[in-house]
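Topology and contacts: notes
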Amino acid sequence: CMKIKDGVIDSIMLNEACSSGCGSFIEAFATSLAIDVTSFAEEALKSKKPVDLGSEFYAKISPSYASDKNLSLSDNNVIIYKNSKAAAQTWRFAKQSDGSYIIINQKNGSALSVNGNGSASASNVQVDKTVSASGQKWFIYDAGNGYYTLRPSCSSDCVLDVYAAATDDGSN
């Protein structure tokens, strides 16, 4: 999810679904809203059109439940790690002609990518050379209240997250 403050992206946060899928977050969030999971999912899927946040911007990606952590490059994988000013934690969002964004790490120029263009829950998210594969194209959807979800083109119902909502440094 991304949080907008004063018309500018303040932070990007991940929900706790899983690395590119759905999971305990949906159930926990639905319960907190006192609605059943099916109704929650139906409402979430109503956002049919990705948002347009411009042609290019830089941002850090942080789990909503661990705001002191950022998505960080670690070799060719991504992990969460304590906030720093390291280039490994800065991501460039470059808009594509289909409305998706390629999310490129500032340190090595590799794109955030769902391994093997996977569409299953818990598919690993890593970095790879920018080749515009469906697993490297991310659509941004309005989740309400200034937040957004990131969904890979290779999946119609999964979103970016940290596996099992982990918060330890090095979690993927």
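Here the structure is a predicted model, which means the values were calculated and not measured. (Residues numbered from 1 in each chain as written. Predicted model: local features only at pLDDT ≥ 70, side-chain atom pairs only at ≥ 80, totals over all residues. Heavy atoms only, no water.)

Quick look at the overall build of the protein
Rules: Note on conventions: DSSP H or I runs of at least 4 residues are helices, E runs of at least 2 residues are strands, and numbering of each starts at the N terminus. Each residue's exposure class comes from its accessible area (1.4 Å probe, protein chains only) as a fraction of the maximum for that residue type: buried when under 20%, exposed when over 50%, partly exposed otherwise. What makes two residues a contact is simply this: any of their non-hydrogen atoms within 4.5 Å. Every accessible area reported is derived by Shrake-Rupley at a probe size of 1.4 Å, with residue values counting cover from the shown protein chains alone.
The helix and strand inventory of the protein stands at two helices and twelve strands. Along the chain direction, N to C, the helices and strands of the protein fall in the order β-β-α-α-β-β-β-β-β-β-β-β-β-β. Taking all 172 residues of the protein together, 44% fall into the buried category. In the protein, 56% of the contacts between residues at least 6 apart in sequence involve partners at least 24 apart. Here the protein has roughly 8500 Å² of accessible surface; of this, 48% comes from carbon and sulfur atoms.

Brief notes about the environment of Val-125
Inspection of the secondary structure assignment puts Val-125 in strand E10 (residues 125–128). Looking at Val-125, the relative accessible area reads 3%, which means it is buried. Separated by 47 residues in the primary sequence, Val-125 and Asn-172 place their C-alpha atoms 7.9 Å from one another.

Topic: the environment of Val-51
Note that Val-51 resides in the loop between helix H2 (37–44) and strand E3 (56–59). Assessed through its relative accessible area of 19%, Val-51 is described here as buried. A sequence separation of 89 residues divides Val-51 from Ile-140, and the C-alpha atoms of the two residues are 5.7 Å apart. Setting aside residues no more than four positions away along its own chain, Val-51 makes contact with Tyr-101, Ile-140, Asp-142 and Tyr-148.

What to know about the pattern of salt bridges
To keep things clear, this is the line we draw: Salt bridge, as used here: a side-chain nitrogen of Lys or Arg that lies within 4 Å of a carboxyl oxygen of Asp or Glu.
Summed over all chains, the structure comprises three salt bridges. A salt bridge links Asp-169 to Lys-69; its shortest N-O distance comes to 2.7 Å. Remark: Lys-69 occurs in strand E5 (residues 69–74) and Asp-169 occurs in the segment after strand E12 (147–152); sequence separation between them is 100 residues. A relative accessible area of 35% places Asp-169 in the partly exposed class. In this structure, Lys-137 engages Asp-98 in a salt bridge whose closest nitrogen and oxygen atoms are separated by 3.4 Å. Pair noted here: Lys-137 is in strand E11 (residues 137–144) and Asp-98 is in the loop between strand E7 (91–95) and strand E8 (101–105), with a separation of 39 residues, a long-range link. For Lys-137, a relative accessible area of 18% translates into the label buried.

Re the nonpolar core
For soluble globular proteins, the rule of thumb is that nonpolar side chains tend to be buried together. Keep this limit in mind: The criterion is simple. A nonpolar core is a set of buried Ala, Val, Leu, Ile, Met, Phe, Trp, Tyr and Cys residues joined through side-chain atoms within 4.5 Å.
Within the largest apolar cluster, 22 residues are counted, with the highest numbers of intra-cluster contacts made by Trp-91, Phe-93, Ile-103, Leu-112, Trp-138 and Ile-140. Elements that contribute at least two residues to this core include exactly E3, E5, E7, E8, strand E9 (111–114), E10, E11 and E12. Beyond its immediate sequence surroundings of up to four residues, Trp-91 is in contact with Phe-57, Tyr-58, Ala-59, Ile-61, Leu-71, Leu-73, Val-78, Ile-103, Ile-104, Asn-105, Leu-112 and Val-127.

Thoughts on the packing of aromatic side chains
The description of an aromatic ring pair uses the distance of the two centres, along with the angle that the planes make with each other. Put simply, the rule is: Any two of the Phe, Tyr and Trp rings considered here, Trp counted by its six-membered ring, make a pair once their centres fall within 6.5 Å; the pair's planes then place it as stacked at under 30 degrees, edge-to-face at over 60, or tilted in between.
Counted according to the given criterion, the structure contains three aromatic pairs. Between Phe-57 and Phe-93 the ring centres are 4.6 Å apart and the planes differ by 15 degrees, which places this aromatic pair in the stacked class. Of the two residues, Phe-57 sits in strand E3 while Phe-93 sits in strand E7, which places them 36 residues apart along the sequence. For Phe-57, a relative accessible area of 11% gives the class buried. Among the aromatic residues, those joined into a ring-pair cluster are Phe-57, Phe-93 and Tyr-101.

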